[in-house]
Each structure stands twice: as structure tokens, then as C-alpha cells.
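Per-entry structural report
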Amino acid sequence: MDIDDDDFFTNLDQSGRVTHNNAFQERLRQASRDDDGAEIPDAPPFMLEEEEETPLQQLIRHWMNERHSPDILPNEGELLAGLLDHIRSQSETVQLLRTDPSSSEEEHFRIMLVQTEVERVKFIVRSYLRTRLFKIEKFARYIMTNPEVQQRLSESEVEHARRFARLTDQHFYHSVLQSLPETQQTLDDQPPFVPSMVTEPDKTRAVFVLARQDCPPVRLPDGSALEMRKGHISLTPYSVVEQLIARGEVELV
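Residues numbered from 1 in each chain as written. Predicted model: local features only at pLDDT ≥ 70, side-chain atom pairs only at ≥ 80, totals over all residues. Heavy atoms only, no water.

**Points about the overall build of the protein**
Note the cut-off: What counts as a helix is a DSSP run of H or I of at least four residues, what counts as a strand is a run of E of at least two, and both are numbered from the N terminus. Only protein chains enter the calculation, and the probe is 1.4 Å; a residue is then buried if its accessible area is under 20% of its type maximum, exposed if over 50%, and partly exposed in between. Note on contacts: a residue pair qualifies if any of its non-hydrogen atoms lie within 4.5 Å across the two residues.
The helix and strand tally for the protein stands at nine helices and five strands. Overall, the protein shows an N-to-C arrangement of helices and strands of α-α-α-α-α-α-α-α-β-β-β-β-α-β. Of all 253 residues assigned to the protein, the portion counted as buried reaches 35%. A sequence separation of at least 24 residues applies to 68% of the contacts in the protein between residues at least 6 apart.

What follows is the structure in C-alpha cells.
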């Protein structure tokens, strides 16, 4: 299925679909007007430490982690399914309000803002899925030989990795390997002092990490210790902070 297709978000994960069109429409119509004399809050909501992340903020964090991580991270299927349900619900509501002849010009402007936000979320979802798809195809053989990595993927992702690895092996065999001696027709040889033929993630690659909280000291390759305070940004090998990323204590930037 084409991720860029507008029907992608309608056809994906149809189970458990929740709609709140009437409630959303009522909230949209009764939203307060902009008031230039309104008091400015002391700090924006996203700067309040006690405020929890919204599902969209969580997706953005996982999206950035996935894009900057050399390894493939656990699939966030449950979070993604909830956002897709919300996207479908709001998209249907926007279509209903746009065709409503009683909607005022101001309401149409608000509808446009909602539609813009929906498109922004769609872009993030598509980019997140593209990033995972790229890694799955790049490390297909590595994934199929590593059960621990397979546990991070959804069933459909594992199946795609299996098919892609099989097709790649068949292509290499018919193109080159069948012409070589039988002892040289495999793709997983590991002779000494020679890099592995199976492409694996480079966990020694340096990444920028932002501490979301005070983190326990981590050991660097040179033997020294790195202690990251909340808000501190560090440049370090991915393998050093891999567990911190998994626990959500740091994020990649």
C-alpha cells in the first residue's frame, strides 16, 4: 500500500475505530473567539514539568529517535493506532463541516486550521513508517538471524523483512552466486579478519542525545564516565546510551 495515498490513513488499522464527530463539531462551533485583551500565561504548557506528553508529542519523540538511531527501535504500534483513529475521526468531521451550508466564514477558517494540523500529523506518521521500512530492508538478513531484533517489530514488519531477505538472496544467486564454486555461494560467510557479509547496525556511530531527566553515569569507550543532567546535550556513541533511549531517559536530537 502506498503511504502517500490519501486512503492510506482510512484503510490502515480499521479495527477499534472510534468516532466523536458530533462532540468535536460542537466544540469547534463553541470555541471562544480570539481576545487581544486576554492575559498571557506565565509559561507555555509544554514548559510545565508536571504536564504529561500528548500522544502527538510522544510520536514526534519516537520519530526523531528512529530517524537518528543507527539501529531499529521497538515498534510503537499502539500509539500509532490511536493517532490514526484520531486522524480519521477529525478528517471525517472536517469534511462534514466543510459541506455544511450553515458554517460561517470564521468557522471555515478554523476548519482550515484543523485540516492543516491533520496534514502535519500525517507527514510525521508517513516519515516514521518510511524510516522503519528503510531500516527493515537494509537490515533484512540481520533481522531474520536475530530473534531479539524481531521482537521489536510488528508481525507485518517481520513478514516484510522475511520476504525481502528471500527475494534478495534469490536475486544474488541468479545474478552472481550460481556462477561461483559451491563453497562460495553463501551470503553469510564469516572468514577471519573480514567484515561480516550480513549488514548490521553500526552502534559505534556517534549521536547527539538530550537528557530528559538526570541520568545515571554511563561508561564511555575510553573508560571515563559520563553523567548527564536534565536538559544536557551530549555527543556519544549510540551503544553508550542505547539502554537510556529504551527507558525513555534520553532522546536523540
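The structure having been displayed, the exposition proceeds.
**A look at the packing of aromatic side chains**
Put simply, the rule is: The rule is short: rings of Phe, Tyr and Trp, with Trp giving its six-membered ring, pair when the centres are within 6.5 Å, and they are stacked under 30 degrees, edge-to-face over 60, tilted in between.
Within this structure, the stated rule accounts for two aromatic pairs. With a centroid separation of 6.2 Å and 85° between ring planes, the pair formed by Trp63 and Phe123 is classed as edge-to-face. Remark: Phe123 occurs in helix 5 (residues 105-138) and Trp63 occurs in helix 3 (residues 55-68); sequence separation between them is 60 residues. By relative accessible area, Trp63 is classed as buried at 13%.

**Observations regarding the packing of helix 3 against helix 4 (residues 77-98)**
The cut-off we apply is this: What counts as an axis is a line fitted to C-alpha atoms, over the stretch in contact for a helix, and the angles between N-to-C directions run from 0 to 180 degrees. Throughout this description, any angle smaller than 35 degrees is read as roughly parallel, any larger than 145 degrees as roughly antiparallel, any in the 65 to 115 degree range as roughly perpendicular, and the remainder as oblique. Crossing handedness: left-handed means the near helix sits turned counterclockwise from the far one by under a right angle, and right-handed means the same turn made clockwise. Polar here means any residue outside two lists: the nonpolar Ala, Val, Leu, Ile, Met, Phe, Trp, Tyr, Cys and Pro, and the charged Asp, Glu, Lys and Arg; Gly therefore counts as polar.
Direction vectors running N to C along helix 3 and helix 4 enclose 130°, while the axes themselves pass 10 Å from each other. The angle between the axes of helix 3 and helix 4 places the two elements in the oblique class. Helix 4 is crossed by helix 3, and the crossing has left-handed handedness. Residues Pro55, Leu56, Gln58, Leu59 and His62 of helix 3 lie in contact with helix 4, whose contacting residues are Leu79, Leu80 and Leu83. Classifying every residue of the contact of helix 3 with helix 4 by side-chain character gives six nonpolar, two polar and no charged.

**Observations concerning the sheet that holds strand 4 (residues 233-237)**
The condition is simple: A pair of strands is treated as paired once DSSP finds two or more bridges between them.
Ordered in space as 4-1-5, the three strands form an open sheet in which the pairing is antiparallel. Single-partner strands in this sheet number two, and they are strand 4 and strand 5 (250-252). Taken over all neighbouring pairs, the strand axes of this sheet differ in orientation by 40° on average, direction set aside. Contacts between helix 3 and the sheet are confined to strand 1 (206-211) and strand 5, with strand 5 contributing the most and set at about 60° to the helix.

**Focus on the nonpolar core**
This is how it is decided: To define a nonpolar core, start from buried Ala, Val, Leu, Ile, Met, Phe, Trp, Tyr and Cys residues and group those joined through side-chain atoms within 4.5 Å.
Leu59, Leu80, Ile87 and Val125 are the most contacted members of the largest nonpolar core, which totals 18 residues. Looking at this core, the elements with two or more residues in it are helix 3, helix 4 and helix 5. Sort the elements by how many residues they give to this core and helix 5 lands first, with eight residues.

**Some details on the pattern of salt bridges**
We count it as follows: Every case where a carboxyl oxygen of Asp or Glu lies within 4 Å of a side-chain nitrogen of Lys or Arg is listed as a salt bridge.
A full pass over the atoms with the stated rule returns 20 salt bridges. Close ionic contact of Lys122 with Glu119 constitutes a salt bridge, the shortest N to O distance being 3.7 Å. Within this pair, Lys122 and its partner Glu119 are both found in helix 5, separated by three residues, close to a single helical turn. Among the residues examined, Lys122 registers a relative accessible area of 9% and is labelled buried. Between Asp169 and Arg141 there is a salt bridge, and its shortest N-O distance comes to 2.8 Å. Residue Asp169 is located in helix 8 (residues 155-175), and its partner Arg141 is located in helix 6 (residues 140-144); the two are separated by 28 residues in the primary sequence.

**Some points on the confidence of the model for the protein**
To keep it simple, the criterion reads: Scored from 0 to 100, pLDDT records how confident the predictor is in each individual residue.
When pLDDT is averaged along the protein, the result is 82; 78% of the residues meet or exceed 70. In the model, residues 14-20 has pLDDT below 50 throughout and makes 10 contacts with residues more than four positions away in sequence or in other chains. Taken together, the stretch residues 34-48 has pLDDT below 50 and engages in two contacts with residues farther than four places along the chain or on a different chain.

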